[in-house]
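Listed here are the chains, written in short residue letters.
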Amino acid sequence: MNDAGHSNIMKPEDTAELRQLYADFEAEHLKPLWTQIDDLMPVVPNPKAVPHVWKWSRLFPLAERSGDLVPVGRGGERRAIGLANPGLGGKAYISPTLWAAIQYLGPRETAPEHRHAQNAFRFVVEGEGVWTVVNGDPVRMSRGDLLLTPGWHFHGHHNDTDKPMAWIDGLDIPFSYQNDVGFFEFGSDRVTDYATPRFSRGERLWAHPGLRPLSELKDTVSSPLGAYRWEFTDRALTEQLLLEDEGQPATVEQGHAAVRYVNPTTGGDVMPTIRAEFHRLRAGASTPPRREVGSSVFQVFEGKGSVALNRTETKLDTGDLFVVPSWVAWSLQAETQFDLFRFSDAPVMERLGFARTQVEEAGR
Ligand SMILES: [Fe+2]
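Attention here is on the structure that accompanies the text. Everything numeric here is computed off the predicted structure, so don't read it as measured data. (Residues numbered from 1 in each chain as written. Predicted model: local features only at pLDDT ≥ 70, side-chain atom pairs only at ≥ 80, totals over all residues. Heavy atoms only, no water.)

## Things to note about the overall build of the protein chain
What the protein chain contains, in helices and strands, is seven helices and 22 strands. In terms of principal-axis extent, the alpha carbons of the protein chain reach across some 75 × 55 × 45 Å. Classification of the 364 residues of the protein chain by burial places 47% in the buried group. Within the protein chain, counting contacts between residues at least 6 apart in sequence, those at least 24 apart form 74% of the total. Carbon and sulfur atoms provide 54% of the accessible area of the protein chain, an area that totals close to 18800 Å². The protein chain carries 38 positive and 49 negative side-chain charges, and their two centres are separated by 3 Å. (Helix = DSSP H or I, 4+ residues; strand = E, 2+ residues; numbered from the N terminus. Buried < 20%, exposed > 50% of the residue type's maximum accessible area, 1.4 Å probe, protein only. Contact = heavy atoms within 4.5 Å. Areas by Shrake-Rupley, 256 points an atom, 1.4 Å probe, with all protein chains shown as cover. Lys, Arg positive; Asp, Glu negative; His and termini not counted. Charge placed at Lys NZ, Arg CZ, Asp CG, Glu CD.)

Here you go:
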């Protein structure tokens, strides 16, 4: 478009010489900015990842079938099935930075020990009976628990029961892959400790609110506490809503209680690349549409409600997962009391100075 009022518009005339110039660029492995700036530098984030919902009622039977057909062991390492964002070209990335998978371990099975630079966690939406052994410390996995496997910690899992168990894994695999930071090492072909203690050594040392062992005064980049138990999460959320009932400040907004899981040595996020939170809405409550830089994944833990992603609403039940790509507006509506686990790449975005949030005002 040639407009006299915009005489500095950068649109060269399409001539044979120009085409030759572009061909010569190609031959020298050069790409001009001016032909691709809209894609490279959008006015607001324009993610390739798309909002998407995965139903637990469809995921779980598929994981079960994998349990029948695919043995777990050395080589493939884990019976984990990654949630692949439909916008990301078939890769098992739920977002450009995050991996989310359903992992399934059959009765009496062992997933062998290994370690990797990637940070990982497990969140348990149902079931029990598996212990994850992290750097030799057996950690019980039960419903509602968040279990950490920070980067370069050895870990394996074993099922101590006659029933299968499934949970979700969250990792920074796409971030690590894009930036070529991954290292990997095999450990024991079995787990190094088959004990099944109720509480891990890490919890016995660290899980006492507001109390830090004097033997552990050096801050660590990831949390030294490997397990965040449901009873504490539930109690914290319950008390926030009770305090709100009493007219006291406690909730993030009316009817919306929330906690962040933190590293007790720093008060910051549990791991350097992944933030984990838990949100509870009262029946009938909703959150205003929010846009944030970076991506998030939610899993419904309990209750019924819906999510609106760029104003498209989807009903949600226990176990359902959804991804919120960067700058996609999301809001939650609770039909019953509605509990959701959330993880995101916010620690990366905040530390690098890219974080932004926009909350739409009510009625817009
Ligand atoms: Fe692993």
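## A short note on the side chain of Ser 306
Mapped onto the fold, Ser 306 is located in strand 17 (residues 305–309). Polar side-chain contacts of Ser 306 include one of 2.8 Å to the side chain of Glu 313. For Ser 306, the contacting residues outside a window of four places in its chain are Glu 313, Thr 314, Lys 315, Leu 316, Ser 331, Leu 332, Gln 333 and Phe 338. (Polar contact = N/O pair within 3.5 Å; in protein donor to acceptor, adjacent residues only side chain to side chain.)

## Structural notes on the packing of aromatic side chains
Applying the stated rule across the entire model yields 20 aromatic pairs. For the pair Tyr 228 and Tyr 261, a centre-to-centre distance of 5.5 Å together with 85 degrees between the ring planes defines the contact as edge-to-face. Highlighted residues: Tyr 228 in strand 12 (residues 227–228) and Tyr 261 in the loop between strand 13 (256–260) and strand 14 (275–281), separated in sequence by 33 residues. Seen in terms of ring centroids, Trp 230 and Phe 301 are 4.6 Å apart; in terms of plane orientation they differ by 50 degrees. Their pairing is tilted. Separated by 71 residues along the polypeptide, Trp 230 in helix 6 (residues 230–245) and Phe 301 in strand 16 (residues 296–302) bring together distant segments of the chain. When its relative accessible area of 1% is taken as the criterion, Phe 301 is described as buried. Cluster of aromatic residues (ring-pair linked, three or more members): Phe 121, Phe 123, Tyr 228, Trp 230, Tyr 261, Phe 278, Phe 301, Phe 341 and Phe 343. Its end group placed over the ring of Phe 199, Arg 140 keeps NZ or CZ at 5.4 Å from the ring centre. (Phe/Tyr/Trp six-rings, centres within 6.5 Å; stacked < 30°, edge-to-face > 60°. Lys NZ or Arg CZ within 6 Å of the ring centre and 35° of its normal.)

## Regarding the sheet that holds strand 4 (residues 110–116)
In space, the five strands of this open sheet follow the order 7-6-9-4-11, with antiparallel pairing throughout. Edge positions in the open sheet fall to strand 7 (137–141) and strand 11 (184–186), since each of these has one partner strand only. Looking at each pair of strands side by side, their axes are set apart by 25 degrees on average, direction ignored. Sheet analysis places strand 6 (residues 130–134) next to strand 7, joined by five bridges and oriented antiparallel. Paired with Thr 132 across the strands is Val 139, a residue of strand 7. (Pairing = 2+ DSSP bridges. Axes fitted to C-alpha atoms, helices over the stretch in contact; angles between N-to-C directions.)

## What to know about the pattern of salt bridges
Summed over the entire model, instances satisfying the criterion amount to 31 salt bridges. One connected set of salt bridges, linked through shared partners, spans Lys 55, Lys 304, Asp 317 and Asp 320. (Salt bridge = Lys/Arg side-chain N within 4 Å of Asp/Glu carboxyl O.)

Just distances and angles here, no functional claims.
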